[in-house]
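# Notes for the structure review
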Amino acid sequence: MPEPRSTDANKGGFVGVGKVAFLVALAAVVGALLANLHVGLSVRTRVDTLHHMSSVASDLMCKVTGTTVSAASAAAKCLYDLQKSGLLPSRDTKLLKSTYVVPEHRPLGEPWVRNGVQRGGAEWILPHAVKSSQERVLYIHGNGTTGLDQTRAFASRLANATMMPVLTVDYRLPPETGLREQIEDVIEAIQFTWTHGPHRRHEAQEVYVVGMSMGGTLVLAALHAIIAGEIDHETPLPMAVKLPTAAVTFSAIADLSCPHETENDVDWCKNAIISHFGRQPHGVKSPSHAPEEWLKRLPPLLMLVGGEEALVDETESYAKRARKGGAIYAKHHVVEDMFHAWPLYSEACGGSFAAAQEALERIGSFIRADNVDRCVEILFEANDYGTTGIDPHPLDTVDIFAEPAQVTPIWYRNGKRLGKSEWIVPKNVTSTKDRILYLHGGSYSSNYDYHPFLSRLAHESDMAVFSIDYRLVPEFIFPAPVEDAIASVRFLWENGPNGKEPADRVFLNGDSAGAGLVVSTLMAIISGTFNGTTPIPKPAVKLPTAAITISAFTDISCSLPAYYTRIWHPTVRIGDPVFTGHSGDDEQDLNDSRLVGIRYMNSTSTKDLRNPVASPYWAPDEWLMQLPPLLMIVGDAEVSLDDTIEFYKRAVAAGAKHVTYQNYLRMWHVFPLYTTGCGGSIQEAVDANREMGDYVKSFRKSEST
């Protein structure tokens, strides 16, 4: 920095007071840092604090003396503004012209009083260009806010960034109330946002929650309370509340036990938190202490924190714990050089604070991203072949119980006895004489909890679903799974959930490798062989009434074009997020897919991989023409797309009369299993489940007319 120039005092110079001015500037800025957490200048260590403040004080010194320096950082400008205005920086105060206010007159929250003034209530901020009021944002401000008028400027910018109505609530604050009451108010606001729009009472399709500072803490606490069904051991929730679609926090205090408080650090935590609430180790009231069984049920969560905040470590720790605990999407982003609650200052410091505006854009992009985009990102980043994000809970409209008969052979894996079968039956099923055999996916080598999906399949179909634990690789290879499926078809024609009872109709359904097994079973029954050569023992097996496949593998040699045309493209983020893009080598991803067939057949021979039962795409025309009615569901974004489309073309060309397929745009492998699993409704998955249910019920109707 150039030396200060000597000027005449009458010209506003600095002669004789230079050192004093510098010390005053430095003291003012450091004093501001130590005075107030909510102002937003807490930092990770005292050394970093003094280093940062010294550079800011130098910038102040240049401004006071009239010297010229290179443009200061936006953060330094805001700190300068902070000092100049007497500890409080100039937050955004104006409502954007692109938005307007709608007061909320319906009862929401408890009225309360501060300094003789009644507080409470809520209001909506709407963008003029809002497309729908069925997608809504709830904004929870920090504890330093003194009324709804102080939330309007940021809520206006949040509405503009998301293009959605934003509800702000004047919830109860300390010291007049405690943390429990604050969490109650936020939970009530979430419930209200689901059921009430800005102009009338109507259900929302999606609700997003954004929280700043202590408001972010309350957002996390409310999520935990909704998941746990209680605020603490003494305060159960009076009714079930629906979780938000997704949540965003910035500068949230995740750990109210103040782990960062040391004698060498600022004692803001003790003054600002413990004095109001006491130490809060409970997992609801202090989110960082939540058990993993709560964390795994979190909706998609984005956490922003400034790089100069004392909250960086606990934000990172919470997000990592959530991911480790099984949360489907929990990301944190550290914005370097930023201070506490910096997104509130988008027009501070001379009219344009880029870091704040970028934070708003990031929040808006996260919320505006539809559930399909969000689910694709979750699947790609999880890199676990699609097991992350599937529907987590079965419907309560079905009964699930074991089949006492041993339908398929007993087998063992890691000392565990397998080979069980079970029923999933709607509580008010119309008839138990219509049955669905379901063959699970898992690359012919694994299995996971299908109860959530099968409960939906049973509900939509109004039929009993029979699920088998067929033999898997590596303990068994082809044709063992085909043998188990055929034994189960025999069983279902003669037995139902209530015991021995002949069936009116039997349907097959399956996903992924299980869908391939569905078509393999049809080929085996039509050909009278388990593998193209070994005959099936008599009596002959009756073909199912109809069949459904979801993302079928019909060519285990992986030779069809979609294995190349549907690879993941990271720059535009389209393609198959489940099976491609993870190794960085497209050919390696393809080889990984080929391994499924190689292990299943225990062979690398092309002839074996194209066995007409194991790979039905290669079945002869005389088999294909005898197919029963078959509906094939597939996603347009999956590498196995052509396993459905090209098989369909071959079957129709061979003379099959009732084979059809449905291709769902943007959808990934086995997408019908994701109706709610990625944190929000995937309409395509809902529609596919309904289509499958209507398909099998149509056979019941056609025979009754």
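In this text the structure is predicted, and so the values were computed from the model without any measurement.

What follows covers the pattern of salt bridges. Using the criterion set out here, one finds 24 salt bridges in the structure. Here Glu-377 makes a salt bridge to Lys-331, at a shortest N to O gap of 3.0 Å. Remark: Lys-331 occurs in strand 12 (residues 330-335) and Glu-377 occurs in helix 12 (residues 371-382); sequence separation between them is 46 residues. Classification of Lys-331 as partly exposed rests on a relative accessible area of 29%. Notably, a salt bridge pairs Asp-399 with Lys-427, separated by 2.8 Å at the nearest N-O pair. Taken together, the positions of Asp-399 in strand 13 (residues 398-402) and Lys-427 in the loop between strand 16 (421-426) and strand 17 (434-439) put the pair 28 residues apart, joining distant regions of the chain. Judged by its relative accessible area of 34%, Asp-399 falls in the partly exposed class. The class for Lys-427 is partly exposed, based on a relative accessible area of 47%.

So, on to the sheet that holds strand 16. Here eight strands make up an open sheet; going across it, the order is 13-16-18-17-21-22-23-24 and the pairing mixed. At either end of the open sheet lies a strand with only one pairing partner, and these are strand 13 and strand 24 (659-664). Shown here is a sheet whose adjacent strand axes are inclined to one another by a mean of 20°, direction ignored. Sheet strands in contact with helix 14 (residues 480-494) are strand 16, strand 17, strand 18 (464-468) and strand 21 (505-511), and its direction is about 165° off that of strand 17. Along the sheet face, helix 15 (residues 513-527) touches strand 17, strand 21 and strand 22 (546-550) and points at about 140° away from the line of strand 21.

Turning to the packing of aromatic side chains, a few remarks are in order. Within the structure shown, the criterion is met by 20 aromatic pairs. Ring centres of Tyr-448 and Tyr-450 lie 4.9 Å apart, and the angle between their planes is 15°; this geometry places the pair in the stacked category. Taking the relative accessible area as the measure of exposure, Tyr-448 reaches 24% and is therefore partly exposed. Residue Tyr-450 is classed as buried on the basis of its relative accessible area, which comes to 5%. In this structure an aromatic cluster arises from ring pairing among Tyr-438, Tyr-448, Tyr-450 and Phe-453. Its guanidinium or amino end placed over the ring of Trp-194, Lys-242 lies 4.0 Å from that ring's centre, counting from NZ or CZ. Positioned above the aromatic ring of Tyr-617 is the side chain of Arg-650, whose terminal nitrogen or guanidinium carbon lies 6.0 Å from the ring centre.

Quick look at the sheet that holds strand 1 (residues 99-104) now. Across the sheet, which stays open at both edges, the eight strands sit in the order 1-4-6-5-7-10-11-12 with mixed pairing between neighbours. Edge strands, defined here as strands with exactly one partner in the open sheet, are strand 1 and strand 12. Within this sheet the neighbouring strands show an average axis-to-axis angle of 20°, counted without direction. Sheet topology places strand 5 (residues 135-140) next to strand 6 (residues 166-169); three bridges connect them, and they run parallel. Note on strand 6: the bridge partner recorded for Val-137 is Val-166. With respect to the sheet, helix 5 (residues 179-195) is in contact with strand 1, strand 4 (122-127), strand 5, strand 6 and strand 7 (206-212), its orientation differing from that of strand 5 by roughly 165°.

The terminal C-alpha atoms of helix 15 lie 20 Å apart, and with 15 residues this matches the ideal 21 Å at 1.5 Å per residue to within 8%. The buried fraction of helix 15 is high, at 14 of 15 residues. Phi for Gly-528, located one or two positions after helix 15, is positive at around 75°.

Below, the discussion takes up helix 5. Here helix 5 contains 17 residues, and its C-alpha end-to-end distance of 25 Å stays within 8% of the 24 Å for a straight helix at 1.5 Å per residue. The buried fraction of helix 5 amounts to twelve of the 17 residues, a majority that puts the element mostly inside the structure. Taken together, the buried positions of helix 5 are Leu-179, Gln-182, Ile-183, Asp-185, Val-186, Ile-187, Ala-189, Ile-190, Phe-192, Thr-193, Trp-194 and Thr-195.

We now examine the packing of helix 14 against helix 15. Where helix 14 contacts helix 15, the axes come no closer than 9 Å and their chain directions differ by 75°. What the angle tells us is that helix 14 and helix 15 run roughly perpendicular. Residues Pro-481, Val-482, Ala-485, Ile-486 and Val-489 of helix 14 touch helix 15, and the partners they reach there are Leu-517, Ser-520, Thr-521, Ala-524 and Ile-525. Here the residues of the contact of helix 14 with helix 15 are counted per class, giving eight nonpolar, two polar and no charged.

The biggest cluster of nonpolar side chains holds 142 residues, and the ones touching the most others in it are Trp-342, Tyr-600, Leu-627 and Trp-668. The leading source of residues in this core is helix 15, at ten residues. If near-sequence neighbours (up to four positions away) are discounted, Trp-342 is found in contact with Ser-251, Leu-304, Val-305, Gly-306, Glu-309, Val-335, Phe-353, Ala-355, Ala-356 and Ala-359. Of all hydrophobic cores here, the second largest spans 54 residues; its members include Ala-204, Leu-237, Met-303 and Leu-311.

Here the focus is the side chain of Arg-435. Position of Arg-435 relative to the elements: it lies in strand 17. Engagement of the side chain of Arg-435 in a polar contact is seen with the backbone oxygen of Leu-492, the distance being 2.7 Å.

A few words on the pairing of strand 7. In terms of residue burial, strand 7 counts as a mostly covered element, since seven of its seven residues are buried. By the alternation rule, side chains of strand 7 split into Glu-206, Tyr-208, Val-210 and Met-212 and Val-207, Val-209 and Gly-211, which are all buried. Bridge count for strand 5 against strand 7 is six bridges, and the pairing is parallel. When the sheet's bridge partners are listed, Tyr-139 is paired in strand 7 with Val-210. Pairing analysis gives five bridges linking strand 7 to strand 10 (residues 246-250), with the strands arranged parallel. When the bridges of strand 10 are listed, Gly-211 appears paired with Thr-249.

Parameters at a glance
Residue positions are counted from 1 within each chain, in the order its sequence is given. In keeping with the model being predicted, local features are shown solely for residues with a pLDDT of at least 70 and side-chain atom pairs are shown and tallied solely at 80 or more, while totals for entire chains, interfaces and linings include all residues. Side-chain metrics rest on all non-hydrogen atoms present in the structure, leaving aside hydrogens and water. By definition here, a salt bridge exists when the distance from a side-chain nitrogen of Lys or Arg to a carboxyl oxygen of Asp or Glu is within 4 Å. Under the scheme used here, helices are H or I runs from DSSP no shorter than 4 residues and strands are E runs no shorter than 2 residues, and both carry numbers assigned from the N terminus. Exposure classes here rest on a 1.4 Å probe applied to the protein chains alone. A residue is buried below 20% of its type maximum, exposed above 50%, and partly exposed in between. For two strands to count as paired, DSSP must find a minimum of two bridges between them. Structural elements are reduced to axes, namely lines fitted to C-alpha atoms, with helices fitted over the stretch in contact, and the angle between N-to-C directions of any two is expressed from 0 to 180 degrees. Contacts between residues were defined by any pair of non-hydrogen atoms, one from each residue, lying within 4.5 Å. Whether two aromatic rings pair depends on their centres lying within 6.5 Å, for rings of Phe, Tyr and Trp, where Trp uses its six-membered ring; planes under 30 degrees apart make the pair stacked, over 60 edge-to-face, and the rest tilted. Two conditions define a charge located above a ring, namely a distance within 6 Å from the ring centre to NZ of Lys or CZ of Arg, and an angle within 35 degrees of the ring normal. Here the expected span of a helix is defined as 1.5 Å times the quantity of residues minus one. Small angles under 35 degrees read as roughly parallel and large ones over 145 as roughly antiparallel, with 65 to 115 read as roughly perpendicular and the rest as oblique. All residues other than Ala, Val, Leu, Ile, Met, Phe, Trp, Tyr, Cys, Pro, Asp, Glu, Lys and Arg, Gly among them, are scored as polar; the first ten of these are nonpolar and the last four charged. Here, nonpolar core means buried Ala, Val, Leu, Ile, Met, Phe, Trp, Tyr and Cys residues that are tied together by side-chain atoms lying within 4.5 Å of each other. Between N or O atoms, a polar contact is any pair within 3.5 Å; within protein, one atom must be a potential hydrogen donor and the other a potential acceptor, and residues adjacent in sequence are included only when both atoms are from side chains.

Keep in mind that these numbers describe shape and distance, not what the molecule does.
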